[in-house]
Amino acid sequence: MKIIFILMLSFISLFSFDALHVKAEILSHIAHELVKKDVVNIYIDDKKFIKTKGLISSVKYTSCQNADVIFISKKETLNKKCNSKYLFTTSYYLYQSLPDVIGVFFWQKGRPNIIIKSSMIKKLNISLSESFKKYVE
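Residues numbered from 1 in each chain as written. Predicted model: local features only at pLDDT ≥ 70, side-chain atom pairs only at ≥ 80, totals over all residues. Heavy atoms only, no water.

What follows is about the sheet that holds strand 6 (residues 111-116). Hydrogen bonds along the backbone pair up the strands of a sheet, which may run parallel or antiparallel. Strand order in the open sheet formed by six strands is 2-1-3-4-5-6, and the pairing between neighbours is mixed. The open sheet has two edge strands with one neighbour each: strand 2 (59-61) and strand 6. Across this sheet, the average inter-strand angle for adjacent strands is 25 degrees, counted without regard to direction. The sheet contact formed by strand 1 (residues 40-44) and strand 3 (residues 69-72) spans three bridges and is parallel. Counted as the bridge partner of I44 is F71 from strand 3. (Pairing = 2+ DSSP bridges. Helix = DSSP H or I, 4+ residues; strand = E, 2+ residues; numbered from the N terminus. Axes fitted to C-alpha atoms, helices over the stretch in contact; angles between N-to-C directions.)

Evaluation of the coordinates by the stated rule reveals four aromatic pairs. Aromatic side chains F132 and Y135 sit 5.8 Å apart centroid to centroid with 70 degrees between the ring planes, which places their arrangement in the edge-to-face category. Classification of Y135 by relative accessible area gives partly exposed; the value is 27%. Joined through ring pairs, the aromatic side chains of Y92, Y95 and F106 make up one cluster. Here the guanidinium or amino end of K117 rests over the ring plane of Y95, the centre of that ring lying 5.2 Å away. (Phe/Tyr/Trp six-rings, centres within 6.5 Å; stacked < 30°, edge-to-face > 60°. Buried < 20%, exposed > 50% of the residue type's maximum accessible area, 1.4 Å probe, protein only. Lys NZ or Arg CZ within 6 Å of the ring centre and 35° of its normal.)

Mean pLDDT over the protein chain works out to 82, with 85% of the residues at or above the 70 mark. In the predicted structure, residues 4-17 sits below a pLDDT of 50 and forms one contact with residues beyond four places in sequence or in another chain. (pLDDT = per-residue confidence, 0-100. Contact = heavy atoms within 4.5 Å.)

In this structure, I30, L34, I42, V69 and I102 are the most contacted members of the largest nonpolar core, which totals 28 residues. For this core, the secondary-structure elements that each account for two or more residues are helix 1 (2-34), strand 1, strand 2, strand 3, strand 4 (86-89), strand 6 and helix 4 (118-123). Among the elements that line this core, the one with the most residues is helix 1, at six residues. Of all hydrophobic cores here, the second largest spans 13 residues; its members include Y43, C64, I72 and V101. (Core = buried A, V, L, I, M, F, W, Y, C linked by side-chain atoms within 4.5 Å.)

Here we come to the side chain of N41. Here N41 is to be found in strand 1. Classification of N41 by relative accessible area gives buried; the value is 17%.

Secondary-structure assignment places F71 in strand 3. Overall, F71 belongs to the buried group, its relative accessible area being 0%. The sequence separation of F71 and S91 amounts to 20 residues, and the corresponding C-alpha distance is 9.5 Å. Dropping the residues within four chain positions of it, F71 is found in contact with L27, I30, I42, Y43, I44, D45, F88 and T90.

Considering all chains together, one arrives at three salt bridges under this definition. For D68, the salt bridge identified is with K37, shortest N-O distance 2.9 Å. Linking D68 in the loop between strand 2 and strand 3 with K37 in the loop between helix 1 and strand 1, this pair joins segments that are 31 residues apart in sequence. Residue classification places K37 among the partly exposed positions, given a relative accessible area of 36%. E130 is paired through a salt bridge with K133; the nearest N and O atoms lie 3.2 Å apart. Of this pair, E130 and K133 both sit in helix 5 (residues 130-133), three residues apart, which is roughly one turn of the helix. On the basis of relative accessible area, K133 is assigned to the partly exposed category, the value being 45%. (Salt bridge = Lys/Arg side-chain N within 4 Å of Asp/Glu carboxyl O.)

And the structure:
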């Protein structure tokens, strides 16, 4: 019985790390798609995503004022006077309610979802690669 419990616990922790790594990879791809730099500075206020810090070397987690791309989950974060013109959210509600948000990255039913506003892509003159065009609405 103890062996089965240990095996289950090991499997769950392994799956948890994989999901965390997938989140980090997706954050990195989004940031690099918007900012064409080798190392992109990002800011995240979402506790579910902050654990991805340090998993991807081409993404540096920094303050809101120094970030190239900002990922927010709370409206209050906008009051910090962030300098970035690239604003993403991890909340579908904020995506719908804030006009200056480029897109949203969230998890639903255990799967990642990305939605990008075509109006913001045009407004900011961002050119997306073919792999990201399928997320534009």
